[in-house]
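Each chain, written out:
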Amino acid sequence: MSGLIGKKIGMTSVFSAEGKNIPCTVIEAGPCVVTQIRTVEKDGYSAVQIAYDEKKEKHTSKSLLGHFAKANTTPKRKLVEFKSFDRELNLGDTVTVDQFVEGDWLDITGISKGKGFQGVVKRHGFGGVGDQTHGQHNRLRAPGSLGASSYPSRVFKGKRLAGRTGGDKVKVLNLKILKIIPENNLLLVKGSIPGAKGSYLIIED
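Residues numbered from 1 in each chain as written. Predicted model: local features only at pLDDT ≥ 70, side-chain atom pairs only at ≥ 80, totals over all residues. Heavy atoms only, no water.

Describing the sheet that holds strand 3 (residues 32-38)
Right, on to step 1. In space, the 4 strands of this open sheet follow the order 5-4-3-6, with antiparallel pairing throughout. Sheet topology places strand 5 (76-82) and strand 6 (94-95) at the edges, where each strand pairs with a single neighbour.
Right, on to step 2. Pairing analysis gives 5 bridges linking strand 3 to strand 4 (residues 47-54), with the strands arranged antiparallel. Its bridge partner lying in strand 4, Val33 is registered against Ala51. (Pairing = 2+ DSSP bridges. Helix = DSSP H or I, 4+ residues; strand = E, 2+ residues; numbered from the N terminus.)

Some thoughts on the packing of aromatic side chains
Right, on to step 1. Going through the model one piece at a time under the given rule, you end up with 2 aromatic pairs.
Right, on to step 2. Between Tyr52 and Tyr200, the ring centres sit 6.2 Å apart and the planes meet at 85°, which makes this aromatic pair edge-to-face. Placement of Tyr52 in strand 4 and of Tyr200 in strand 12 (residues 200-204) is noted, with a sequence separation of 148 residues between them.
Right, on to step 3. Of the residues examined, Tyr200 reaches a relative accessible area of 25% and is grouped as partly exposed.
Right, on to step 4. Taking the centre distance of 5.9 Å and the plane angle of 75° together, the rings of Phe82 and Phe85 count as edge-to-face.
Right, on to step 5. We classify Phe82 as buried; its relative accessible area is 3%. (Phe/Tyr/Trp six-rings, centres within 6.5 Å; stacked < 30°, edge-to-face > 60°. Buried < 20%, exposed > 50% of the residue type's maximum accessible area, 1.4 Å probe, protein only.)

Here's the deal with the sheet that holds strand 2 (residues 21-29)
Sheets are built from strands paired through backbone hydrogen bonds, the pairs being either parallel or antiparallel.
Right, on to step 1. Read once around its circumference, the closed barrel built from 6 strands follows the order 1-2-11-10-7-12, with strand pairing classed as antiparallel. Sheet twist, expressed as the average angle between the axes of neighbouring strands with direction ignored, equals 50°.
Right, on to step 2. Examined bridge by bridge, strand 1 (residues 3-15) and strand 12 share 5 bridges and lie antiparallel to one another. When the sheet's bridge partners are listed, Gly3 is paired in strand 12 with Glu204. (Axes fitted to C-alpha atoms, helices over the stretch in contact; angles between N-to-C directions.)

Side note on a positive patch on the surface
Right, on to step 1. A cluster of like positive charges, contributed by Lys113, Lys115, Lys122, Arg141 and Lys197, occupies part of the molecular surface.
Right, on to step 2. Tracing the backbone through its elements, the reader meets Lys115 in the loop between strand 7 (105-111) and strand 8 (116-118).
Right, on to step 3. Residue class for Lys115 comes out partly exposed when judged on its relative accessible area of 39%. (Patch = residues over 30% accessible without salt bridge, like charges linked within 9 Å, V, L, I, M, F, W, Y side chains within 5 Å. Areas by Shrake-Rupley, 256 points an atom, 1.4 Å probe, with all protein chains shown as cover. Salt bridge = Lys/Arg side-chain N within 4 Å of Asp/Glu carboxyl O. Lys, Arg positive; Asp, Glu negative; His and termini not counted. Charge placed at Lys NZ, Arg CZ, Asp CG, Glu CD.)

Concerning the pattern of salt bridges
Right, on to step 1. Under the counting rule described, the total for this entry stands at 6 salt bridges.
Right, on to step 2. Between Arg38 and Glu81 there is a salt bridge, with the nearest N and O atoms lying 2.8 Å from each other. You can see Arg38 sitting in strand 3 and its partner Glu81 sitting in strand 5, a full 43 residues away along the chain.
Right, on to step 3. You can call Glu81 partly exposed: its relative accessible area is 32%.
Right, on to step 4. When salt bridges with common partners are traced through the structure, they connect Arg38, Asp43 and Glu81 into a single cluster.

The structure is reproduced here in structure tokens:
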């Protein structure tokens, strides 16, 4: 399964050949450098590690500086391993958007936007109270009963309650590539992708 590391630029829309306006996400994908080749003999599994986005040397640890020096490349911010690639790769090789073709389908993983502490209506989709009956007052978005009062006299683990929302790893499947701009390392992918502008994305073929 080929892959690439990218960065979310933002959203726009393009017109199809039929004149339909299609919303899409613009992704800066690569170029990525191969920084390590995992093998079954040495590591117990086979994979290819690639790195993306420049980083200053003074902000990089000595161990990572040595790691990047082996691949003869500058320090990078993001490292990701992919199980396999369609072609043979060696240490120091560069992977670009050229490996994708317009019309291909991608699985893209990102970190969703953090929304802070939220109630059950926003966090879990609770409906809230519809009709204000029996003296119902200012409790429209409350979670309701949390359990029995006499036994077990506690709230069960896993109960859906208010809490921190967002900031989770989310994978979106089957997104179509609408356009590739190789000179700018850009991918235009149909639909929306989780994450804020500038956040890192893992793109899998």
